[in-house]
Amino acid sequence: DAGITQSPRYKITETGRQVTLMCHQTWSHSYMFWYRQDLGHGLRLIYYSAAADITDKGEVPDGYVVSRSKTENFPLTLESATRSQTSVYFCASRGAGYSYEQYFGPGTRLTVT
Amino acid sequence: QQQVKQSPQSLIVQKGGISIINCAYENTAFDYFPWYQQFPGKGPALLIAIRPDVSEKKEGRFTISFNKSAKQFSLHIMDSQPGDSATYFCAASRGVSGAGSYQLTFGKGTKLSVIP
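What you are looking at is a predicted structure, and each value in this text was computed from that prediction instead of being measured.

> Please explain the pattern of salt bridges as it appears in this structure.
If charged atoms from side chains of opposite charge come close, those side chains can pair. On inspection of all chains with the given rule, the structure shows five salt bridges over all chains. As a salt-bridge pair, Arg-36 of chain A and Asp-38 of chain A come within 2.8 Å of each other at their nearest N and O atoms. Taken as a pair, Arg-36 of chain A and Asp-38 of chain A share a single burial class, namely buried. A salt bridge links Glu-59 of chain B to Lys-57 of chain B; its shortest N-O distance comes to 3.7 Å. For Glu-59 of chain B, a relative accessible area of 38% gives the class partly exposed. Beyond isolated ion pairs, a larger network of salt bridges with shared partners links Arg-36, Asp-38 and Arg-44 of chain A.

> What am I meant to see in the sheet that holds strand β8 (residues 76-78) of chain A here?
Sheet strands line up and pair through hydrogen bonds in the backbone, either parallel or antiparallel. All names here are of chain A. Across the sheet, four strands lie side by side as β1-β3-β8-β7; this open sheet has antiparallel pairing. Of all the strands in the sheet, the pair left with one neighbour each is β1 (4-7) and β7 (64-66). This sheet shows a mean twist of 20 degrees between the axes of neighbouring strands, independent of strand direction. Where strand β3 (residues 19-25) meets β8, three bridges bridge the pair, whose relative direction is antiparallel. By the bridge assignment for β8, Thr-20 is matched with Thr-77.

> I would appreciate a short explanation of unusual backbone geometry in the present structure.
If a residue is not glycine, its phi is most likely negative; likewise, a peptide bond is most likely trans. Residues Ser-7 of chain A and Pro-8 of chain A are joined by a peptide bond in cis, for which omega reads -10 degrees. As for its position among the elements, Pro-8 of chain A is in the loop between β1 and β2 (10-13). The omega torsion of the bond from Ser-7 of chain B to Pro-8 of chain B falls at -5 degrees, within 30 degrees of zero and hence cis. Summarising the element assignment, Pro-8 of chain B is placed in the loop between β1 (4-7) and β2 (10-14).

> Hey, could you run me through the state of the cysteines in this one?
Here is the idea: a disulfide is a covalent bond, and it sits between the sulfur atoms of two cysteines. Enumeration over the complete set of coordinates arrives at two disulfides over all chains. Disulfide pairing is shown between Cys-23 of chain A and Cys-91 of chain A; the S-S distance is 1.8 Å. Here the S-S torsion is close to -75 degrees, and the disulfide linking Cys-23 of chain A with Cys-91 of chain A is therefore left-handed. Of this pair, Cys-23 of chain A sits in strand β3 while Cys-91 of chain A sits in strand β9 (residues 87-94); the two residues are 68 residues apart in sequence, bridging distant segments of the chain. Residue classification places Cys-91 of chain A among the buried positions, given a relative accessible area of 0%. Between the sulfur atoms of Cys-23 of chain B and its disulfide partner Cys-90 of chain B the distance amounts to 1.8 Å. Looking along the S-S bond of the Cys-23 of chain B-Cys-90 of chain B disulfide, the torsion reads about -95 degrees, which is the left-handed sense. Here Cys-90 of chain B lies in strand β9 (residues 86-93) and Cys-23 of chain B lies in strand β3 (residues 19-25), a separation of 67 residues in the sequence. As far as the burial class goes, Cys-23 of chain B and Cys-90 of chain B line up, both buried.

> For this particular structure, what's the right way to read the interface of chain A and chain B?
Interfaces are often sized by the accessible area lost when the parts come together. Chain A puts 21 residues into the contact, and the matching count from chain B is 23 residues. Between chain A and chain B, roughly 1,800 Å² of surface is buried when both sides are summed, and carbon and sulfur atoms account for 55% of that area. For the chain A face of the interface with chain B, the top three residues by lost area are Leu-43, Tyr-100 and Phe-104 of chain A, together amounting to 34%. There are zero salt bridges connecting chain A and chain B. The interface formed by chain A and chain B holds four residue pairs in polar contact (both at pLDDT 80 or more) in total.

What counts and what doesn't
Residues numbered from 1 in each chain as written. Chains lettered and ligands numbered in written order. Predicted model: local features only at pLDDT ≥ 70, side-chain atom pairs only at ≥ 80, totals over all residues. Heavy atoms only, no water. Salt bridge = Lys/Arg side-chain N within 4 Å of Asp/Glu carboxyl O. Buried < 20%, exposed > 50% of the residue type's maximum accessible area, 1.4 Å probe, protein only. Pairing = 2+ DSSP bridges. Helix = DSSP H or I, 4+ residues; strand = E, 2+ residues; numbered from the N terminus. Axes fitted to C-alpha atoms, helices over the stretch in contact; angles between N-to-C directions. Disulfide = S-S within 2.5 Å. Contact = heavy atoms within 4.5 Å. Buried area = accessible area lost by both parts, 1.4 Å probe. Polar contact = N/O pair within 3.5 Å; in protein donor to acceptor, adjacent residues only side chain to side chain.

Here you go:
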């Protein structure tokens, strides 16, 4: 009964480095989402995916790349990390159909030095 | 352009009091309005949600009031308890098919502190 997990939970990286945040869900949910949470901005959508191999941009996609080769995984990659990408990142998922409820993971706190 | 505006940013309430958080939205296509609760170090979790065909929904001590004509909705926490201390986010979504369907647009959050 793992639900939705994220790894790592904490990450410190240097400016310019590539870093990948992992998200895994065990519900076979169709939809998956990546958000970033910053003080004063709330939760902002970075990318989302409606199914395997189907992804689309959210509100703040610049500097991020996603892929979804398997339904249960939705990794988020920062190709060349910048200090402005220091944030807490949340992955979420929801099933297909009429239910709108999104289930969130525990988050990854990323610091870019 | 922020589509969901939330106020206040922070709120201090005495134990047993009523906590009220307000949100206003702009997009009349929104048809689902959830509230999420987030404790420190945790991900947000759905608390309660409402659709625009009703004006109020109550679950235990938590009530959503919805005013479609004013494009506003609010969360009321009755008999507030120290365990309710958390950050609360309102959100809105529109359930259209195709790209972008069911995306949540969040307010900026309200940090609630309930003091004994």
